[in-house]
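The primary structure of each chain is shown beneath.
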Amino acid sequence: MTDPIIDLQSENEKLKLENATKSDLISISAHQLRTSLSAMKWILKMFLDGDFGALNAEQLNFMKKAFESDERMIRLVNEMLSINHAEDTLESMHMEAVDVVKLLDEVVFDFTGESYKKGIQLIFLKPDHTLKSIVVDSEKMRVVFQNLIENAIKYSNKGGRVFVNVTEKADSIEISVRDTGIGIEDADKSHIFGKFFRADNAKKQDVVGSGLGLFTTARIVEKHNGKIWFESKTGEGTTFFVTIPSSQTSTK
Ligand code: ADP
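How each quantity is defined
Residues numbered from 1 in each chain as written. Predicted model: local features only at pLDDT ≥ 70, side-chain atom pairs only at ≥ 80, totals over all residues. Heavy atoms only, no water. Phe/Tyr/Trp six-rings, centres within 6.5 Å; stacked < 30°, edge-to-face > 60°. Lys NZ or Arg CZ within 6 Å of the ring centre and 35° of its normal. Helix = DSSP H or I, 4+ residues; strand = E, 2+ residues; numbered from the N terminus. Expected span 1.5 Å × (residues − 1). Near = heavy atom within 4 Å. Polar contact = N/O pair within 3.5 Å; in protein donor to acceptor, adjacent residues only side chain to side chain. Areas by Shrake-Rupley, 256 points an atom, 1.4 Å probe, with all protein chains shown as cover. Nonpolar A, V, L, I, M, F, W, Y, C, P; charged D, E, K, R; others polar. Domains from an automatic or database assignment. Contact = heavy atoms within 4.5 Å. Buried area = accessible area lost by both parts, 1.4 Å probe. Buried < 20%, exposed > 50% of the residue type's maximum accessible area, 1.4 Å probe, protein only. Pairing = 2+ DSSP bridges. Axes fitted to C-alpha atoms, helices over the stretch in contact; angles between N-to-C directions. Parallel < 35°, antiparallel > 145°, perpendicular 65-115°, else oblique. Left-handed = near helix turned anticlockwise from the far one by under 90°.

Let's talk about the packing of aromatic side chains
- Tallied over the full model, the rule gives five aromatic pairs.
- Aromatic ring contacts, followed pair by pair, group F193, F230 and F240 into a single cluster.
- Of note, K65 hangs over the ring of F62, and the distance from its end group to the ring centre comes to 5.8 Å.

Here we look at helix 1 (residues 4-48)
- An ideal rise of 1.5 Å per residue puts 66 Å on 45 residues; helix 1 measures up with 65 Å between its terminal C-alpha atoms.
- Where helix 1 ends, the next residue or the one after it, G50, has phi of about 80 degrees, a positive value.

Observations regarding the site of the ligand
- Neighbouring residues of the ligand: 21 residues in total, closest N151, Y155, R198, S210 and L214.
- A distance of 3.1 Å separates an oxygen atom of the ligand from a polar atom in the backbone of G213.
- Here an oxygen atom of the ligand and a backbone polar atom of L214 are 2.7 Å apart.
- Coverage of the ligand by the protein amounts to 99% of the 530 Å² it exposes when considered alone.
- With three residues, the top contributor of residues to the shell around the ligand is helix 5 (residues 138-154).
- In the shell around the ligand, the residues fall into ten nonpolar, seven polar and four charged.

Concerning the domain arrangement of the chain
- As assigned here, the chain comprises domain 1 (4-84) and domain 2 (95-245).
- Taking only C-alpha atoms into account, the centre of domain 1 sits 25 Å from that of domain 2.
- Taken together, the contact pairs four residues of domain 1 with seven residues of domain 2.
- When domain 1 packs against domain 2, close to 600 Å² is buried across both sides, 66% of that on carbon and sulfur atoms.

Focus: the side chain of T243
- With respect to the secondary-structure elements, T243 resides in strand 7 (residues 237-245).
- On the basis of relative accessible area, T243 is assigned to the buried category, the value being 12%.
- Those residues in contact with T243 that sit more than four places away from it in its chain are S172, I173, E174, V221, G226, K227 and W229.

Regarding the sheet that holds strand 4 (residues 161-168)
- With respect to topology, five strands assemble into an open sheet ordered 2-4-5-7-6, the strand pairing being mixed. Since the sheet does not close on itself, it has two edges, and those belong to strand 2 (121-125) and strand 6 (227-233), each with one partner. If you compare each strand with its neighbour and ignore which way they point, the axes differ by 15 degrees on average.
- Bridge count for strand 5 (residues 172-179) against strand 7 is eight bridges, and the pairing is antiparallel. What sits directly across from S172, in strand 7, is P245.

What about the packing of helix 3 (residues 100-110) against helix 5?
- Between helix 3 and helix 5, whose axes approach to 10 Å, the crossing angle comes to 50 degrees. Between helix 3 and helix 5, the crossing angle belongs to the class labelled oblique. For the pair helix 3 and helix 5, the sense of crossing is right-handed. Counting all contacts with helix 3, which are made through V100, L103, L104, E106, V107 and V108, the residues of helix 5 involved are S138, M141, R142, F145, Q146 and I149.
- Across the contact of helix 3 with helix 5, the residue classes tally to eight nonpolar, two polar and two charged.

As structure tokens, then:
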């Protein structure tokens, strides 16, 4: 009779290998895509800069559109690569004591340009006292905050506001990202954390998106034994909440 434990172990090894092959394939294709897209981008840029002679207004307009579309594709491929990497490394967690306010401050700072460009106010409501540091994988938590803030900006319109908040609860640290954007339809709410899901109102709003950001975000939060949820009203806005349990907090 075969040993069921050995059977399971070898099945597990096989799955791990298949998974690694799959993510290698994604990585190779994404890198190749990015190389071709970047080559196209520089050729388009040369046309736009008039290196091959002056373009008329109509040609310039189409070249601009092609250039922007190419840039959007590059961003999408970059997102695919970083998510693939995050999935790949989800198994290995590098836990350390992290100052969550400092980490949020850095991420908010990284998005100031983006929000300014879109005419959206990005506000970090910093706590008035020092919070305990939390024990997390800082780079993965950074991905969580980046995804939530990026979405809040992406799914808001000019004149909108995004508030980032962090509070200490009895047994957890709670981070929230609130926007005054397009909101999420009731019918879409149960699908939001699913792989590749994009709501119709989001697709209309912004053509760039993979529907992988929140899927990865939820997996990272889960890995930290935390919780993620949201409240939303169509046309009024959305708030995403993340809590990390205090069993994972430590004083510095
Ligand atoms: P995407 O790459 O499409 O932004 P995500 O996984 O990050 O993918 O989000 C999945 C979907 O959830 C989005 O396409 C959008 O429909 C919805 N969503 C996420 N964040 C927000 C938000 N702040 N406001 C409205 N809809 C949102």
